[in-house]
Amino acid sequence: MPPTKDVDAASALAGATNSSRSKKWAPPSPFYLPLNVALYLCLIANVLAALYAPIQDCDEVFNFWEPAHYLGHGYGLQTWEYSPVYSIRSWLYISAHAFIGKLSSFAVKDKASEFYAIRIFLAIVSSACQTRLYAAICRTLSPRIGLVFLAVILFSPGMFHASTAFLPSSFTMYMSMLGLTAFLDSRGSQKTAQGIMWFGLGAIVGWPFAGALLLPLLLREAVLGFFSANLPRLCRGIFDGAIRCLTIMVAEVMVDHVFLRKLVVVPWNIVAYNVFGGEGRGPGIFGTEPWTFYIRNLLLNFNVWFVFAMAAAPLLVLQVVLPSQATDKQTLLRRLALITPFYMWFAIFTAQPHKEERFMYPAYPFLALNASISVHMILSYLGSSDPKKLAGRFAPKIKFAAVMSVFFLAISVGFLRTLGMITAYNAPLKVFAPLEQPGVAQTGDSLCLGKEWYRFPSSFFLPHDMQARFIRSEFRGLLPGQFPVAKDLASLLQGTSQIPGGMNDRNEEDLGKYVDISRCSFLVDSHFPSREATELEPDYVHDETQWEKLACHDFLDASQTGLLGRLVWTPDLPIVPQSLQRHWGQYCLLRRRNTDANPGY
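What counts and how
- Residues numbered from 1 in each chain as written.
- Predicted model: local features only at pLDDT ≥ 70, side-chain atom pairs only at ≥ 80, totals over all residues.
- Heavy atoms only, no water.
- Axes fitted to C-alpha atoms, helices over the stretch in contact; angles between N-to-C directions.
- Helix = DSSP H or I, 4+ residues; strand = E, 2+ residues; numbered from the N terminus.
- Parallel < 35°, antiparallel > 145°, perpendicular 65-115°, else oblique.
- Left-handed = near helix turned anticlockwise from the far one by under 90°.
- Contact = heavy atoms within 4.5 Å.
- Nonpolar A, V, L, I, M, F, W, Y, C, P; charged D, E, K, R; others polar.
- Buried < 20%, exposed > 50% of the residue type's maximum accessible area, 1.4 Å probe, protein only.
- UniProt positions renumbered as here; feature names shortened; annotations may be inferred.
- Salt bridge = Lys/Arg side-chain N within 4 Å of Asp/Glu carboxyl O.
- Disulfide = S-S within 2.5 Å.

Undergrad: Break down the packing of helix H2 (residues 35-52) against helix H5 (residues 111-140) for me, citing the residues and quoting the values.
TA: With their axes 8 Å apart at the nearest point, H2 and H5 run at an angle of 150° to one another. Viewed along their axes, H2 and H5 adopt a mutual orientation that is roughly antiparallel. Two packed elements cross with a definite hand, and for H2 against H5 that hand is right-handed. Contacts from Leu-35, Ala-38, Leu-39, Cys-42, Leu-43, Asn-46, Val-47, Ala-49, Ala-50 and Leu-51 of H2 reach H5 at Tyr-116, Arg-119, Ile-120, Ala-123, Ile-124, Ser-126, Ser-127, Ala-128, Gln-130, Thr-131, Tyr-134 and Ala-135. Its residues assigned to classes, the contact of H2 with H5 comprises 16 nonpolar, 5 polar and 1 charged.

Undergrad: I'd like a description of unusual backbone geometry, backed by residues and values.
TA: With the exception of glycine, most residues fall at negative phi, and the peptide bonds are largely trans. Of note, the phi angle at Ser-87 is positive, near 50°, even though the residue is not glycine. By the secondary structure assignment, Ser-87 is in the loop between strand S1 (77-78) and helix H4 (91-105). A relative accessible area of 2% means that Ser-87 is categorised as buried. In the Ramachandran plot, Arg-261 falls in the positive-phi region, its phi being about 60° despite a non-glycine side chain. Relative to the elements of secondary structure, Arg-261 occurs in the loop between helix H11 (231-260) and helix H12 (266-276). Residue Arg-261 is classed as partly exposed on the basis of its relative accessible area of 48%.

Undergrad: For the UniProt feature "transmembrane region" (unreviewed entry) in the protein, give the residues involved together with the corresponding values.
TA: Feature annotation in UniProt places "transmembrane region" (unreviewed entry) on residues 31-55, 116-134, 141-160, 196-219, 302-321, 333-351, 363-382 and 402-425, given in this structure's numbering. With 90% helix and 0% strand, residues 302-321 has end C-alpha atoms that lie 29 Å from one another. This span, residues 333-351, is 95% helix and 0% strand, and a straight line between its end C-alpha atoms measures 27 Å.

Undergrad: I'd love a proper account of the pattern of salt bridges, names of residues and values included.
TA: Summed over all chains, the structure comprises 18 salt bridges. Of the charged contacts, one joins Asp-185 and Arg-139 as a salt bridge, the two residues approaching to 2.8 Å between their closest N and O atoms. Here Asp-185, found in helix H8 (residues 168-185), pairs with Arg-139, found in helix H5; they are 46 residues apart in sequence, far enough to count as distant. For Arg-591, the salt bridge is made with Glu-548, and the minimal N-O distance between the two is 3.0 Å. Remark: Glu-548 occurs in strand S6 (residues 547-556) and Arg-591 occurs in strand S7 (residues 584-592); sequence separation between them is 43 residues. Residue class for Glu-548 comes out partly exposed when judged on its relative accessible area of 23%. Where salt bridges share partners, they join Asp-57, Asp-59, Glu-81, Arg-89, Glu-356 and Arg-358 into one cluster.

Undergrad: Pulling in residues and values, what's your account of the state of the cysteines?
TA: Within this structure, the stated rule accounts for 2 disulfides. Disulfide pairing places Cys-448 opposite Cys-520 at an S-S distance of 2.0 Å. Between Cys-448 and Cys-520 the sulfur-sulfur dihedral comes to about -85°; the bridge is accordingly left-handed. Residue Cys-448 is located in strand S2 (residues 446-449), and its partner Cys-520 is located in the loop between helix H19 (489-497) and strand S5 (522-527); the two are separated by 72 residues in the primary sequence. When sorted by exposure, Cys-448 lands in the same class as Cys-520, which is buried. The residue that forms a disulfide with Cys-552 is Cys-588, at a sulfur-sulfur distance of 2.0 Å. Disulfide Cys-552-Cys-588: the torsion about the S-S bond is 115°, which places it as right-handed. Residue Cys-552 is located in strand S6, and its partner Cys-588 is located in strand S7; the two are separated by 36 residues in the primary sequence. Residue class for Cys-552 comes out partly exposed when judged on its relative accessible area of 26%. With relative accessibility at 0%, the residue Cys-588 sits in the buried group. Counting its disulfide-bonded cysteines in sequence order, the protein shows a connectivity of 1-2, 3-4.

If you want it as structure tokens, here you go:
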């Protein structure tokens, strides 16, 4: 077993371990990257994500960015989840982010800067959690495992999107990293209590289902406690952790009571709706996916690292059955506990009909750890020079070249995938800039969304007092409504506790959510050559008699782009074969030409 005793900051930065006071300092491992360097690298990767990552899911906008905008600016779009009738979203999670946005408003002028300030704050939190987990892996498992873990989280498209997303699943991912750190350090009941607290915080404030990730780690503690006669201490740790979780739950209930003016246990409401919703309710009404969805999705987001993550258990079995790879029981038990959460999470959500990429976010740290452990086991085998083994028959330079080729391929594919996503889909984050120019937007103007409603990046990108409205399109589900406009704290709390009309939990369309297009001063629309216009979705972009283009940006036309162009970035150069080139549509902000006749709101 690697040493698990505490080391001070100086020894951690130097890459040394102190297993005994009587022993000299060991030389730093060649695989150990100092913590300050690791933190800077994480910050660079995550801040870039905060600045450039497209919003992946409209749920992030309407269920989290819009309520945060409402708390900061007194108006915004409201989904049925925030109706006091259903109450399946916590105001504690929203208010913490809104507070960061409000603080930043004293230093910046436009609301878009508040949006990026919140994202950069999330990037800092994510970087701190990643660095803490990296340090614990190096200290308690192996610096080589830690270095591979760092490579996975720095260069994977999945982490690029998850690290700064304003989603409970991302918050739960942060807490999973801190909880896993505590269980890796695992030096008695205090660390057990901390681990339970972090996982509990993620489950209560973030996503209740994420509590399942704790079970394998806690089971290992129970087995060790039973055989080492430390069961009473473990029980004290579990009790301590449970009290901390109960305190967090009470705090959330109190905050939600302030906003909703009723006693609500949001985590239970989430479970009740998703598990016991009944016919016509539950996540399945929002669409289902085949069982292969997460396999394809994780291959895109982690490429070869996902393969290594899935290989962790078979490789561990090989270590047990091969005499030459003998490992002590405690190390096997620890690795089994560490690799199980990802398999369990993957199995649970693969079995669910409704699947979304964000559902995997809480397990991303475990995926990265599984992949790192697999690579470590493979490298340990390849490092053998015994000619009786297959690995020992190859020259070291050949083995080194093979290993580096895999790393180079994984990092390169991840980078090209990330670059491809940024260049293909970030137009919604740029198209609203003209609205901040003097004289463009007037008091009473409104911006309308038709077929592009689900790509709206939030009211943070609109000028002060401009509201987003919806016009009819081919979509037939339930669109968000409006929070009541609030001018002070009292009216704000009145607005959050008021039961809105036209809401339901069955995704049934409400015609009251639409306005007539004559009321729209501005319109967001897209044009793709491959898409035919319809009566409800005409080609507004080229209707120059009614609309003028204020800004248009390229947006990938996925239906006309080949597989490679959809998966990764490819250069738009004449020398690139037509089948490999990406094809583009336009994502545009339009202004009504007869603005003087516009009645507005």
